[in-house]
Amino acid sequence: MHGYGNVLMVGSGGREHALGWKISQNEHVNKIIFANGNGGTYENIPIPPTDIQRLAEYAKNNNCFTVVGPELPLSMGIVDVFESFELPIFGPTRSAARLESSKEYSKNFMTKYSIPTSEFKVFTDFSKAVEYLERIDYQVVVKADGLAAGKGVFVSNSKTEAIDSIDLLLNKKIFGDSCNKIIIEKKIVGEELSMMAICDGNTFVMLDSCRDYKRAFDNDRGPNTGGMGSYSPVSEISGNEIEYISEKIFQPVIEGMKMEGTPFSGFLYAGLMIEKHTGKPFVLEFNTRMGDPECQPLMMRMQSDLYQYILAAEQQALDSVKPIEWKDKFSVCVIMASKGYPDKFETGYAIRGISKNYDPDLMVFHSGTKLNKVNDLVTAGGRVLGVTSMGNTMDEAIEKAYQQVYKISWGEDQQQFRKDIGKKAIGT
Ligand code: GLY
């Protein structure tokens, strides 16, 4: 049967480390190979996630089932290439991945299939965008059309701030071709929520609720990042609300993508805003992969065997599986990052203090780490570690995570982390 044996995990972040950790709990999995992994993943091969031809050769020669973590290889068509060689792989095709790789495509798709999202306009020209801003009387969010590693969204509090963001994107091209076009959309006020599902092109199974902390600093201040922490579940979201999100958002995506001739298979992530005065969910964006760091607490709380769902999805058999079971516990992930992230930062600092005792309720998932020539663990990226804990209460989970965070160091002046992860969940 396809899928049992070796798993090739494409990617090198905390999401891939957590997915690999969870998949490895399936008794039929022989080994997991990460391409190209990090200092915390066990078996790595030096093939970057974007070198699709070499990945396909590796998967073929080593009889691997492939799971793709990040968006870039998906947007480049890794799934299409693997499928052309009849190699088993889990993820959306290039066309389906446009739900994330083009915000314009995604917003038009949402409009066409009546998926709740805020009103928007697309611009390529600076002066036309500014002219539009002069005409409207509400606050906006400015977004790069293409991929920008989670950093292409600018929430503005004034017209001047919005114009500065438009300038950075359309004139200064800070994300290159990804900002040839921009989206200006009406800002919705509320609380964010990340909901994800495993999809097989025809149907889907929902994952539990999760919340991400996007801003760099405490109390949601500072620039947007890929995510500085997360927690699950989001207790104020009831089972009925998840059902509503499933029916009004995920179901129309799956049906719509089928109607477009680009069925969606893979992890689908809806970044939602629960509007403050109506309590209604609006889609801020779709991602065609698991969230990072949302993946880490979700993997920790998942009772069911993830790999079985992935295999069922690849074989378009999700309609025959049961809903995923979750541990009745709380999980928190605190991201430890290099000082200066998401802007300039230095790497190469030796990391000390990671607990060597295996505790399934306290995992330190690695992102930007590597082993140097003398096998020392050193920093190698912006987001470095995701300290992920589980407890019977959210307080317990928070305490457990921070106890470990405060023991880890690569130099006081070289690291940063938020001190308020999970606090929204306990109302402080
Ligand atoms: N944490 C946000 C994302 O994965 O896009």
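For the structure given in this document, a descriptive report is provided here.

Reading the values: rules and limits
Starting afresh in each chain, residues are numbered from 1 along the sequence in its written order. pLDDT decides what is reported in this predicted model: residues at 70 or higher carry local features, side-chain atom pairs at 80 or more are listed and counted, and totals for whole chains, interfaces and linings draw on all residues regardless. Excluding hydrogens and water, the side-chain figures rest on all heavy atoms present in the structure. Runs of H or I in DSSP of at least four residues are treated as helices and runs of E of at least two as strands, each being numbered from the N terminus. The globule rule used for comparison is 2.2 Å times the number of residues to the exponent 0.38, while the radius of gyration itself is calculated over C-alpha atoms. Burial here depends on accessible area, computed with a 1.4 Å probe over protein chains only, as a share of the maximum for the residue type. Under 20% is buried, over 50% is exposed, and the range in between is partly exposed. Methods summary: accessible areas were calculated by the Shrake-Rupley approach with a probe of 1.4 Å, and residue burial reflects only the protein chains presented. Being paired, for any two strands, means DSSP has found at least two bridges between them. To define a nonpolar core, start from buried Ala, Val, Leu, Ile, Met, Phe, Trp, Tyr and Cys residues and group those joined through side-chain atoms within 4.5 Å. Being near a molecule or strand, for a residue, comes down to having at least one heavy atom within 4 Å of it. In protein, a polar contact means a hydrogen-donor-capable atom and an acceptor-capable atom, both N or O and within 3.5 Å, with residues adjacent in sequence counting only if both atoms are side-chain atoms; elsewhere, any N or O pair within 3.5 Å suffices. Basically, the charged four are Asp, Glu, Lys and Arg, the nonpolar ten are Ala, Val, Leu, Ile, Met, Phe, Trp, Tyr, Cys and Pro, and anything else, Gly included, counts as polar. The criterion for an aromatic pair is that two Phe, Tyr or Trp rings (for Trp, the six-membered ring) have centres within 6.5 Å, with stacked assigned to planes under 30 degrees apart, edge-to-face to planes over 60 apart and tilted to the rest. Any pair of residues with heavy atoms lying within 4.5 Å of one another is described as a contacting pair. A carboxyl oxygen of Asp or Glu within 4 Å of a side-chain nitrogen of Lys or Arg is what we treat as a salt bridge. In this analysis an axis means a line fitted to C-alpha atoms, helices contributing only their contacting stretch, and an angle means the value between N-to-C directions, from 0 to 180 degrees. Orientation is classified from the angle alone, with under 35 degrees giving roughly parallel, over 145 giving roughly antiparallel, 65 to 115 giving roughly perpendicular, and any other angle giving oblique. Crossing handedness is read from the near helix: turned anticlockwise from the far helix by less than a right angle, it gives a left-handed crossing, and turned clockwise, a right-handed one.

## Topic: the overall build of the chain
Okay, so step 1: What the chain contains, in helices and strands, is 12 helices and 23 strands.
Okay, so step 2: For 428 residues, the compact-globule estimate of 2.2 N^0.38 gives 22 Å, and the C-alpha radius of gyration of the chain, at 21 Å, lies within 12% of that figure.
Okay, so step 3: Looking at the chain residue by residue over its 428 residues, the buried ones come to 58%.
Okay, so step 4: Summing over all exposed atoms, the chain offers an accessible surface of approximately 18200 Å²; the carbon and sulfur share of this is 47%.

## What about the pairing of strand β4 (residues 64-68)?
Okay, so step 1: Across the five residues of β4, five count as buried, placing the element largely inside the fold.
Okay, so step 2: One ladder, built from five bridges, connects strand β1 (residues 5-11) with β4; its direction is parallel. For Leu8, the partnering residue across the bridge sits in β4 and is Thr66.
Okay, so step 3: Taken together, the two bridges between β4 and strand β5 (residues 89-90) define a ladder with parallel strand orientation. Across the sheet, the residue bridging to Val67 is Phe90, located in β5.

## Some points on the nonpolar core
Okay, so step 1: Counting residues in hydrophobic clusters, the biggest one holds 52 residues, and the most contacted among them are Leu99, Ile115, Ile249, Phe250, Phe286 and Val332.
Okay, so step 2: With seven residues, helix α9 (residues 239-259) is the single largest residue contributor to this core.

## Observations regarding the site of the ligand
Okay, so step 1: Surrounding the ligand, one finds Asp212, Gly226, Tyr269, Asn287, Arg289, Gly291, Asp292, Pro293 and Glu294.
Okay, so step 2: Here a nitrogen atom of the ligand sits 2.9 Å away from a polar atom, N or O, in the side chain of Asp212.
Okay, so step 3: At 3.5 Å, a side-chain N or O of Asn287 approaches an oxygen atom of the ligand.
Okay, so step 4: When the free accessible area of the ligand is taken as 190 Å², the share hidden by the protein chains comes to 93%.
Okay, so step 5: Counted by class, the shell around the ligand contains two nonpolar, three polar and four charged residues.

## Describing the packing of aromatic side chains
Given two aromatic rings, one states the distance between the centres and the angle between the planes to describe the pair.
Okay, so step 1: Under the counting rule described, the total for this entry stands at 12 aromatic pairs.
Okay, so step 2: Ring geometry for Phe90 versus Phe267: centroids 5.1 Å apart, planes at 85°, classification edge-to-face. Here Phe90, found in strand β5, pairs with Phe267, found in strand β16 (residues 265-275); they are 177 residues apart in sequence, far enough to count as distant.
Okay, so step 3: Cluster of aromatic residues (ring-pair linked, three or more members): Tyr105, Phe109 and Tyr113.

## Some remarks on the environment of Lys103
Okay, so step 1: Structurally, the position occupied by Lys103 is in helix α6 (residues 103-112).
Okay, so step 2: Given the relative accessible area of 13%, Lys103 is considered buried.
Okay, so step 3: Along the chain, Lys103 and Pro49 lie 54 residues apart, while their C-alpha atoms are 22 Å from each other.
Okay, so step 4: In contact with Lys103, other than residues within four places in its own chain, are Lys143, Ala144, Asp145, Val153, Ile183 and Glu285.

## Side note on the pattern of salt bridges
Okay, so step 1: The full count for this structure, using the stated rule, is 20 salt bridges.
Okay, so step 2: Note that Arg54 is salt-bridged to Asp51, the shortest N-O span being 3.2 Å.
Okay, so step 3: Judged by relative accessible area, which is 24%, Asp51 ranks as partly exposed.
Okay, so step 4: Between Glu285 and Lys103 there is a salt bridge, with the nearest N and O atoms lying 3.8 Å from each other. Placement of Glu285 in strand β17 (residues 281-287) and of Lys103 in helix α6 is noted, with a sequence separation of 182 residues between them. When sorted by exposure, Glu285 lands in the same class as Lys103, which is buried.
Okay, so step 5: Where salt bridges share partners, they join Glu191, Asp220, Arg418, Asp420 and Lys424 into one cluster.

## Details of the packing of helix α7 (residues 126-135) against helix α8 (residues 159-171)
Angle between the axes and distance between the axes: these two values describe a pair of packed helices.
Okay, so step 1: It is at 10 Å that the axes of α7 and α8 come closest, and there the two elements cross at 165°. Classified by the angle between their axes, α7 and α8 sit roughly antiparallel to one another. Judged by the sense of rotation from one axis to the other, the crossing of α7 with α8 is right-handed. Residues Phe126, Ala129, Val130, Leu133 and Glu134 of α7 form the contact with α8, whose own contacting residues are Lys159, Ala162, Ile163, Ile166, Asp167, Leu170 and Asn171.

## Comments concerning the sheet that holds β4
Okay, so step 1: Spatial strand order, β3-β2-β1-β4-β5: five strands in an open sheet with parallel pairing. Of all strands in the sheet, those with a lone pairing partner are β3 (44-45) and β5, marking the two edges.
Okay, so step 2: Where strand β2 (residues 29-36) and β3 come together, two bridges link them in parallel fashion. Looking at the pairing, Ala35 lines up with Ile45 of β3.
Okay, so step 3: The sheet contacts of helix α2 (residues 52-61) involve β1, β2, β3 and β4, and relative to β1 the element is tilted by about 165°.

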